[in-house]
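Analysis of the macromolecular model
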Amino acid sequence: MLGLLAAAKIALVVGGTVAVAPALAIGGLGLLGFSAAGPVAGTVAAGVQSAVYGGAVGSGSLFAIAQGAAMGGIAVSAVQTVGVSAVQTVGGALGYVAAVLI
């Protein structure tokens, strides 16, 4: 039984991390200056866009992916789906552990 409880604890920590990661990532992008309306003037994002890309950001570049995520693009919905799936999986695993212990 101890192995099952240890596995449940690990699943809870991993699932919780995966579930919270999207919000932390979007918050981090916001701190760098990526916003739903585009790079915010005077921020790291605006400086990188100006210095590295000169206004011509290539599709698929790291900058474009970060900006797309900040704007709520497909990358965000995919990560959120993974987070929800992780929470559901952990919930199922914990339900199984509870059923075995009771």
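Residues numbered from 1 in each chain as written. Predicted model: local features only at pLDDT ≥ 70, side-chain atom pairs only at ≥ 80, totals over all residues. Heavy atoms only, no water.

**Overview of the packing of aromatic side chains**
Here the distance between the centres and the angle between the planes together describe a pair of aromatic rings. The condition is simple: For Phe, Tyr and Trp, where Trp contributes only its six-membered ring, two rings pair if their centres lie within 6.5 Å, and the inter-plane angle classes them as stacked under 30 degrees, edge-to-face over 60, or tilted in between. Numbering goes from the N terminus for both helices and strands, where a helix is a DSSP run of H or I of at least four residues and a strand is a run of E of at least two. Burial status follows relative accessibility: with a 1.4 Å probe on protein chains alone, a residue under 20% of its type maximum counts as buried, one over 50% as exposed, and anything between as partly exposed.
Across all of its chains, the model carries two aromatic pairs by this definition. Geometrically, the ring pair formed by Tyr-53 and Phe-63 is tilted, given 5.4 Å between the ring centres and 50° between the ring planes. Placement of Tyr-53 in helix α2 (residues 44–53) and of Phe-63 in helix α3 (residues 62–70) is noted, with a sequence separation of ten residues between them. What makes Phe-63 buried here is its relative accessible area of 6%. Among the aromatic side chains, those forming a connected cluster through ring pairs are Phe-34, Tyr-53 and Phe-63.

**Considerations on the nonpolar core**
Short version of the rule: In this text, buried Ala, Val, Leu, Ile, Met, Phe, Trp, Tyr and Cys residues form a nonpolar core when linked through side-chain atoms within 4.5 Å. Only heavy atoms enter the contact rule, under which two residues are in contact if any of them lie within 4.5 Å.
Residues Leu-29, Phe-34, Ala-45, Phe-63, Ala-66, Ala-69 and Ala-70 constitute the largest nonpolar core, which totals seven residues. If you tally residues by element for this core, the top one is α3, at four residues. Not counting residues up to four positions away in its chain, the partners in contact with Ala-45 are Leu-32, Gly-33, Phe-34, Pro-39 and Phe-63.

**Quick look at a nonpolar patch on the surface**
We count it as follows: For patch detection, residues must exceed 30% relative accessible area and be free of salt bridges, and they are connected within 9 Å for like charges or within 5 Å for nonpolar side chains (Val, Leu, Ile, Met, Phe, Trp, Tyr). Using the Shrake-Rupley algorithm and a 1.4 Å probe, accessible areas are obtained, with residue cover drawn only from the displayed protein chains. A pair is scored as a salt bridge if a Lys or Arg side-chain nitrogen falls within 4 Å of a carboxyl oxygen belonging to Asp or Glu.
A cluster of nonpolar side chains, namely Leu-5, Tyr-96, Val-100, Leu-101 and Ile-102, defines an oily patch on the protein surface of about 520 Å² accessible area. When residues of the nonpolar patch are assigned to their parent elements, the largest contribution, three residues, is made by helix α4 (residues 74–101). Take Leu-5: it is sitting in helix α1 (residues 2–32). Accessibility expressed as a relative area gives 34% for Leu-5, which makes it partly exposed.

**Considerations on the side chain of Gln-67**
Its location among the elements puts Gln-67 in helix α3. A relative accessible area of 8% means that Gln-67 is categorised as buried. Not counting the four nearest positions on each side in its chain, Gln-67 is found in contact with Phe-34, Ser-35, Gly-38 and Pro-39.

**Structural notes on the confidence of the model for the protein**
Operational definition: For every residue, the predictor assigns a confidence score, pLDDT, that lies between 0 and 100.
Put simply, the protein has an average pLDDT of 78, and 80% of its residues get 70 or more. Looking at the elements of the protein, mean pLDDT is at its lowest for α4, recorded as 68, and at its highest for α2, recorded as 90.

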